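Examination of the molecular architecture
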Amino acid sequence: MSRIEATFRRLHETGRKALIPFVTAGDPEPGMTLPLMHALVEGGADIIELGVPFSDPMADGPTIQRASERALAFGVSLRMVLATVREFRKDNPATPVVLMGYANPIEAYGVADFVADAAAVGVDGVLVVDYPPEECSDFSALLKHHGLDPIFLLAPTSTEQRFAEVAATGSGYLYYVSLKGVTGAGHLDLDDVARRIPGIRAKVGMPVGVGFGIRDGASAARIAAVADAVVIGSRIIEEIENSPAGEAPRRVTALLKGIRTAMDGHK
C-alpha cells in the first residue's frame, strides 16, 4: 500500500478529511523549503504538494507565478527539488509528498531518470499539469512500476471520456479544479462543488481532492463535508509573501492549524 493510499485509509477510518497544502520549492528562497515542509506537517498537513518551479506555469495565477519566479531567480531546478525531498525524508518518513509541475522540466531531466530518482528520494505521487491522461499511459505505467501515483486534474468542463481516462490511468487521488480559470482566480461556488463531488467520486473510484479558490477555514470546512481532501495553494503562498524574513514557517503553521480545526469540526 502506498503512503497516499494508507493516508486516505487512515483518515477514512477516523472520519477525517485530508488537508493538502501546496508550496513552491525554492520560494521564498531555497533554504526555506525544508522548514516550510515541516511547518506544513506541524500545521496539520496530511499530504504535501510540492511545486516544481517553471517559467510558464499555464494553470497558475499571479500568486503562484510569482513564487515560481522567485525560485527560478535562485536557480532552483528539478534536481534540487528532489534533493529537498530526500532531506525531508530524513526526519519525516510518513507524510506523502506529491510533486506538482509541468512536462518541460521532466522531459529535460529525462522521464525514466526522473521517475527512478523521484522514487529513490521518497516522492509518492506526480501531477503533471500538461500531461493529459489520454496521452501519458506509458508515463503512468512507469510511475506505478516504481510505486508512485500518477495524479490528474479534472475540471467542471471535463467530459465523460476524460473521467473514464482518469479512472483507468490515475491513482492515489483525483485533483478536482473547483472553478474555471487559473489558481487563485474567480469565485468558488461551494454549492456547485457539493453537487458534483458524489458523481465524480463514483466515476473515478478514488478519493477526490478539491482545490483552486479555497482560502479560509469556512470554505475548507464546506469542501471537507463533501470531498475527501482540501487542497490549498495560493493562500499559503500569500502568507509566505507577506511574512517578515524567517517568519514564514511559523505563520504558515498557524494558518493551517486554523483550517485544520475548521475541517475537523465537520468530521
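Everything here concerns the structure above.
Let me sum up the structure you'll find in this document. (Residues numbered from 1 in each chain as written. Predicted model: local features only at pLDDT ≥ 70, side-chain atom pairs only at ≥ 80, totals over all residues. Heavy atoms only, no water.)

1. Quick word on the packing of aromatic side chains
With the rule as written, the count across this model stands at five aromatic pairs. Taking the centre distance of 5.3 Å and the plane angle of 25° together, the rings of Phe54 and Tyr102 count as stacked. One end of the pair, Phe54, is in the loop between β2 (48-51) and α3 (62-73); the other, Tyr102, is in the loop between β3 (97-101) and α5 (103-109), with 48 residues separating them in the sequence. Taken together, a centroid distance of 6.2 Å and an interplanar angle of 80° make the contact between Tyr109 and Phe114 edge-to-face. As far as burial versus exposure is concerned, Tyr109 and Phe114 are alike and both buried. Note that Lys203 overlies the ring of Phe163, its terminal NZ or CZ placed 4.7 Å from the centroid. (Phe/Tyr/Trp six-rings, centres within 6.5 Å; stacked < 30°, edge-to-face > 60°. Helix = DSSP H or I, 4+ residues; strand = E, 2+ residues; numbered from the N terminus. Buried < 20%, exposed > 50% of the residue type's maximum accessible area, 1.4 Å probe, protein only. Lys NZ or Arg CZ within 6 Å of the ring centre and 35° of its normal.)

2. Regarding the pairing of β3
Of all five residues in β3, five are buried, a share of seventy percent or more. The alternating pattern of β3 places Val97, Leu99 and Gly101 on one face and Val98 and Met100 on the opposite face, and all of these are buried. Both β2 and β3 contribute to a ladder of four bridges, which runs parallel. Counterpart to Leu50 in the pairing with β3 is Leu99. Where β3 meets strand β4 (residues 125-128), four bridges bridge the pair, whose relative direction is parallel. Note that in β4 the partner of Leu99 across the bridge is Val126. (Pairing = 2+ DSSP bridges.)

3. Some details on the pattern of salt bridges
One pass over the structure, following the stated rule, counts 21 salt bridges. Residues Asp27 and Arg70 are paired through a salt bridge, measuring 2.5 Å at the closest nitrogen-oxygen approach. Taken together, the residues Asp27 in the loop between β1 (18-24) and α2 (33-43) and Arg70 in helix α3 connect sequence positions 43 residues apart. Here Arg70 falls in the partly exposed class, since its relative accessible area comes to 24%. A salt bridge links Arg215 to Glu238; the shortest N-O distance between them is 2.5 Å. In this pair, Arg215 is assigned in the loop between β8 (208-211) and α10 (217-224) and Glu238 in helix α11 (residues 234-241), connecting sequence segments 23 residues apart. The class for Glu238 is buried, based on a relative accessible area of 19%. In the salt-bridge network here, residues are joined through shared partners; they are Arg16, Asp46, Arg260 and Asp264. (Salt bridge = Lys/Arg side-chain N within 4 Å of Asp/Glu carboxyl O.)

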